[in-house]
Amino acid sequence: MLCPILCNRLGLPFLGANPILRGISDDKHSTKLEGVARGVKTCDWAVYRAGAPIDPDRCPKAERYVIKPNNSSASWGVGDATDWDGVKQAILGIHAEGYDALVEPFMIGSDVEVPVIEMRGELLVMPPMLFRQADPSHLRSHQEKRDLVDRSSKYELVPFEADDAWPQIRDMTLKLADVFRPFDYGRFEFRFNEDTGEVNLLEVNLQCNLWSEKVYGRSAQLLGWSQEQLIETIVAQSLARHGLMELD
């Protein structure tokens, strides 16, 4: 967030959402509040701010919990627990690093990733992708998300083809996207249980990874775009939004 903050201070145009919107999206608790206010389904959760009391009564009820930094990226610092003692120790560990902690029930399933870009003032929902997990109960690690370990046998990135669930996910995506406009590009993430069809909001990642082998690059291929065309489209739309160029 430092780059947009400095650009905003100096009055310089920059790619992506403004610092306030970036802050809301980076704060998973705030993102969930925005979603719930618009009827977007998400699981129960509790945020434990560093330095504030750790009240067990605020913790949602579950058989298994996920505990992570409230502003974690690519699941750094993520852990799980099956009782309050484990949850509390994980919270204290995150607080010791200087971060707020988010606690929520573990949701069995795979992640649906929906890339969205703005084009001529309109939202373009690109083809959704699915990180299909061989074991839907597996907790993906930071190393796996960053491709720092071999995860080929654990999950694969494939086009999302659950037609029955897609209208609901697309509707929730558009409701959330409207909160953060203008943002140029962002990824909206949901947990999808392929057995039950249940969908829950996970988080929003504005100005996310554009690597050709990740969600945006693979989704762009489904549109028939090259990686160069994807980047050019995003940058050109942002330049036009700032009045720095005209689109044909």
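Keep in mind that this is a model prediction, so the values were computed, not measured.

Some remarks on the overall build of the chain
Then, in step 1: Counting its regular elements, the chain contains eight helices and ten strands.
Then, in step 2: Relative to a compact globule of 248 residues, whose C-alpha radius of gyration would be 18 Å, the chain shows 18 Å and is just as compact.
Then, in step 3: Taking the principal axes of its C-alpha atoms as reference, the chain extends roughly 60 × 40 × 35 Å.
Then, in step 4: Counting over 248 residues, the chain shows a buried share of 45%.
Then, in step 5: In the form shown here, the chain has an accessible surface area of approximately 12,300 Å², with 50% of it arising from carbon and sulfur atoms.
Then, in step 6: Charge centroids of the chain, computed over 27 positive and 38 negative side chains, lie 3 Å from each other.

Overview of a nonpolar patch on the surface
Then, in step 1: On the surface, a nonpolar cluster with roughly 450 Å² of combined accessible area is contributed by Leu15, Ile231, Val235, Leu239, Leu244 and Met245.
Then, in step 2: Within the secondary structure, Leu244 sits in the segment after helix H8 (227-241).

Some details on H8
Then, in step 1: An ideal rise of 1.5 Å per residue puts 21 Å on 15 residues; H8 measures up with 22 Å between its terminal C-alpha atoms.
Then, in step 2: Where H8 is concerned, the buried positions are Leu230, Thr233, Ile234, Ala236, Gln237 and Ser238.
Then, in step 3: Contacts made by the buried residues of H8 are with strand S5 (110-119), strand S9 (185-192) and helix H7 (215-223).
Then, in step 4: Phi turns positive, to about 75°, at Gly243, one or two residues after H8.

As for the packing of helix H2 (residues 19-26) against helix H3 (residues 28-37)
Then, in step 1: Across the interface, H2 lies against H3 with an axial gap of 5 Å and an inter-helix angle of 90°. Here H3 runs roughly perpendicular to H2, going by the angle between their axes. Contacts from Ile24, Ser25 and Asp26 in H2 reach Lys28, Ser30, Thr31 and Glu34 in H3.
Then, in step 2: A breakdown of the residues in the contact of H2 with H3 according to their chemical character gives one nonpolar, three polar and three charged.

Thoughts on the pattern of salt bridges
Then, in step 1: In this structure the tally under the stated criterion is 15 salt bridges.
Then, in step 2: Between Glu113 and Arg187 there is a salt bridge, with the nearest N and O atoms lying 2.9 Å from each other. Of this pair, Glu113 sits in strand S5 while Arg187 sits in strand S9, placing them 74 residues apart in sequence.
Then, in step 3: With a relative accessible area of 15%, Arg187 lands in the buried category.
Then, in step 4: Arg181 is the partner of Glu118 in a salt bridge, and the nearest nitrogen-oxygen pair spans 3.1 Å. With a gap of 63 residues between them, Glu118 in strand S5 and Arg181 in the loop between helix H6 (166-179) and S9 connect regions that are remote in the sequence.
Then, in step 5: Ionic contacts of the salt-bridge type, sharing partners, join the residues Asp27, Arg49 and Asp100 into one network.

Some thoughts on the pairing of strand S7 (residues 129-133)
One face of the sheet, then the other: side chains in a regular strand alternate in exactly this way.
Then, in step 1: Across the five residues of S7, four count as buried, placing the element largely inside the fold.
Then, in step 2: Alignment of S5 against S7, held across three bridges, turns out to be antiparallel. Each bridged residue has a counterpart across the sheet, and for Asp111 the counterpart in S7 is Phe131.
Then, in step 3: Relative to strand S8 (residues 155-159), S7 runs antiparallel, the two being bridged by five bridges. Considered in S8, the bridge of Gln133 is made with Tyr155.

Regarding the packing of aromatic side chains
Ring pairs (aromatic) are described by centroid distance and by the angle formed between their planes.
Then, in step 1: The tally for this structure, following the rule as stated, stands at five aromatic pairs.
Then, in step 2: Here Phe131 and Tyr155 contribute two aromatic rings whose centre-to-centre distance is 5.5 Å and whose plane-to-plane angle is 75°, an arrangement assigned as edge-to-face. Residue Phe131 is found in strand S7, and its partner Tyr155 is found in strand S8; the two are separated by 24 residues along the sequence. Side by side, Phe131 and Tyr155 carry an identical accessibility label, which is buried.
Then, in step 3: A centroid spacing of 5.8 Å and a plane angle of 90° characterise the contact between Tyr185 and Tyr216, whose relative ring orientation is edge-to-face. Taken together, the residues span a long stretch of sequence, with Tyr185 in strand S9 and Tyr216 in helix H7 at a distance of 31 residues.
Then, in step 4: With a relative accessible area of 0%, Tyr216 lands in the buried category.
Then, in step 5: Cation over ring: Arg58 sits above Tyr48, and NZ or CZ is 4.7 Å from the ring centre.

About the cut-offs
- Residues numbered from 1 in each chain as written.
- Predicted model: local features only at pLDDT ≥ 70, side-chain atom pairs only at ≥ 80, totals over all residues.
- Heavy atoms only, no water.
- Helix = DSSP H or I, 4+ residues; strand = E, 2+ residues; numbered from the N terminus.
- Rg over C-alpha atoms; globule rule 2.2 N^0.38 Å.
- Buried < 20%, exposed > 50% of the residue type's maximum accessible area, 1.4 Å probe, protein only.
- Areas by Shrake-Rupley, 256 points an atom, 1.4 Å probe, with all protein chains shown as cover.
- Lys, Arg positive; Asp, Glu negative; His and termini not counted.
- Charge placed at Lys NZ, Arg CZ, Asp CG, Glu CD.
- Patch = residues over 30% accessible without salt bridge, like charges linked within 9 Å, V, L, I, M, F, W, Y side chains within 5 Å.
- Salt bridge = Lys/Arg side-chain N within 4 Å of Asp/Glu carboxyl O.
- Expected span 1.5 Å × (residues − 1).
- Contact = heavy atoms within 4.5 Å.
- Axes fitted to C-alpha atoms, helices over the stretch in contact; angles between N-to-C directions.
- Parallel < 35°, antiparallel > 145°, perpendicular 65-115°, else oblique.
- Nonpolar A, V, L, I, M, F, W, Y, C, P; charged D, E, K, R; others polar.
- Pairing = 2+ DSSP bridges.
- Phe/Tyr/Trp six-rings, centres within 6.5 Å; stacked < 30°, edge-to-face > 60°.
- Lys NZ or Arg CZ within 6 Å of the ring centre and 35° of its normal.

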